[in-house]
Amino acid sequence: MTLLTRRTLIAGSAAGAGLLLSGCDKVAQVPAFRKILFSGEIMNRGLQRALSNRAALAPEFTTAEMSPRFRVNGTHNPGTPDYTAMVAENFAHWRLKVGGLVARPLNLSLAQVRSLPTRTQITRHDCVEGWSAIGKWHGPQLGTLLKAAGLRDTARYVVFTCADLYNGQPYYESIDLLDAFHPQTILAWALNDRVLDVGHGAPLRLRVERQLGYKHAKYLMQINAVASLDGIGRGKGGYWEDNVDYDWYAGI
Ligand SMILES: Nc1nc2c(c(=O)[nH]1)N[C@H]1C(S)=C(S)[C@@H](COP(=O)(O)O)O[C@H]1N2
Ligand SMILES: [Mo]
């Protein structure tokens, strides 16, 4: 079994005083981006602005501003035999797999995920269906895990596989590396100071705070670094993108 050692983690966080910077570094390594980013002639202010906007933090709130109730939306319970069995044993045999274009695939127990350094953030969740809720999320930054796994140079997206089927199809989502290494992109295992319940995506769900609710994949099982979204689902990067033509980049 792959273990995320304390050493790896310390090395990871020391090396990445700015995880975000590493995300941008990655973009800068892609030849096409390098050309645009570093060519004086075509230095594009709009692009610069777009990149710095992407790096900005989503607003964070105080405990006093938290919604009294955080609605459950989409799948309320995956309800499959496998998931039901995992709930019954309190996720003792659940594993988070991190793989794809990585040097060191991870296979983590919930206890291991919970022992990682965490970030706590009180943010507003905005659903396309027209409701919002402010909640307090707690969990490790996705960047910490990706650094431990060691992304390969060819990785461009991170794909999240979930335990539920929605309308009979696997729910999945994907983000690019700018969002993957954004400091507020976390794998949440607690909501409002309680361990995540089934409704909100137990045992682990994505929070990608610069984007709309449907990007925040619940019931995480697997995280894969990929070079392209082709061949995954219908190739548009997520359940809603594939089926209802929602935007892949759902920035707010
Ligand atoms: N696996 C999975 N993730 C999901 C969904 C879902 O149905 N299945 N619904 C999405 C939508 S549309 C929203 S608004 C949020 C709802 O999260 P909540 O139930 O914690 O409010 O989860 C998102 N992530
Ligand atoms: Mo949503």
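Residues numbered from 1 in each chain as written. Chains lettered and ligands numbered in written order. Predicted model: local features only at pLDDT ≥ 70, side-chain atom pairs only at ≥ 80, totals over all residues. Heavy atoms only, no water.

A.B. asks: Hey, could you run me through the sheet that holds strand S5 (residues 157-166) in this one?
C.D. replies: Sheets are built from strands that pair by backbone hydrogen bonding, the pairs being arranged parallel or antiparallel. Spatial ordering of the open sheet is given by S2-S1-S11-S5-S6, a layout of five strands whose pairing is mixed. Strand pairing shows two members of the sheet lacking a second neighbour, strand S2 (106-108) and strand S6 (169-176), which therefore form its edges. On average, adjacent strands in this sheet sit at an angle of 20° to one another, irrespective of strand direction. Pairing of S5 with S6 involves seven bridges; the strand directions are antiparallel. Looking at S6, one finds that Val 159 is bridged to Ser 174. (Pairing = 2+ DSSP bridges. Helix = DSSP H or I, 4+ residues; strand = E, 2+ residues; numbered from the N terminus. Axes fitted to C-alpha atoms, helices over the stretch in contact; angles between N-to-C directions.)

A.B. asks: How should empty space enclosed by the protein be read in this particular structure?
C.D. replies: The probe, sized like a water molecule, is rolled over the atoms to show the empty space still left. The full count for this structure, using the stated rule, is one cavity of 30 Å³ or more. A volume near 320 Å³ is recorded for the largest cavity. As for the largest cavity, its lining consists of 24 residues, of which Asn 73, Gly 74, Tyr 171, Gly 213 and Lys 218 are closest to the centre. By residue class, the composition of the lining of the largest cavity is 12 nonpolar, seven polar and five charged. (1 Å grid on protein atoms, 1.4 Å probe; cavity = no way out; pocket = protein on both sides within 12 Å on 5 of 7 lines; lining within 4 Å. Points joined across faces, edges and corners; volume = space filled by probe spheres on them. Nonpolar A, V, L, I, M, F, W, Y, C, P; charged D, E, K, R; others polar.)

A.B. asks: I would appreciate a short explanation of unusual backbone geometry in the present structure.
C.D. replies: Working note: non-glycine residues mostly have negative phi, and peptide bonds are mostly trans. Here the amide bond leading from Ala 202 into Pro 203 is cis, since omega sits at 0°, within 30 degrees of zero. Phi at Asn 90 is positive, roughly 55°, even though this residue is not glycine. Here Asn 90 is to be found in the loop between helix H5 (81-88) and strand S1 (96-100). Of note, Asp 245 is a non-glycine position whose phi angle comes to about 65°, a positive value. Take Asp 245: it is sitting in the segment after helix H9 (239-244).

A.B. asks: How do you make sense of the site of ligand 1 when you look at a structure like this?
C.D. replies: For ligand 1, the set of nearby residues contains 22 residues, the closest of which are Arg 71, Asn 73, Thr 75, Asp 164 and Lys 218. Asn 73 places a main-chain nitrogen or oxygen 2.8 Å from an oxygen atom of ligand 1. The cavity where ligand 1 resides is the largest cavity. The element contributing the most residues to the shell around ligand 1 is S5, with three residues. (Near = heavy atom within 4 Å. Polar contact = N/O pair within 3.5 Å; in protein donor to acceptor, adjacent residues only side chain to side chain. Sits in = over half its atoms within 2 Å of the grid points.)

A.B. asks: What's the story with the packing of aromatic side chains in this structure? I'm lost.
C.D. replies: Centre distance and the angle of the planes are the two values used to describe a pair of aromatic rings. Tallied over the full model, the rule gives 12 aromatic pairs. Here Tyr 166 and Tyr 239 contribute two aromatic rings whose centre-to-centre distance is 5.3 Å and whose plane-to-plane angle is 75°, an arrangement assigned as edge-to-face. With Tyr 166 in strand S5 and Tyr 239 in helix H9, the pair connects residues that are 73 residues apart, well separated along the chain. Judged by relative accessible area, Tyr 239 falls into the buried class, the value being 4%. Measuring from centroid to centroid gives 5.2 Å for Trp 240 and Tyr 246, while their planes differ by 15°, and the two rings are stacked. Given the relative accessible area of 16%, Trp 240 is considered buried. Grouping aromatic residues by their ring pairs yields a cluster made of Tyr 166, Tyr 171, Tyr 214, Tyr 239, Trp 240 and Tyr 246. (Phe/Tyr/Trp six-rings, centres within 6.5 Å; stacked < 30°, edge-to-face > 60°. Buried < 20%, exposed > 50% of the residue type's maximum accessible area, 1.4 Å probe, protein only.)

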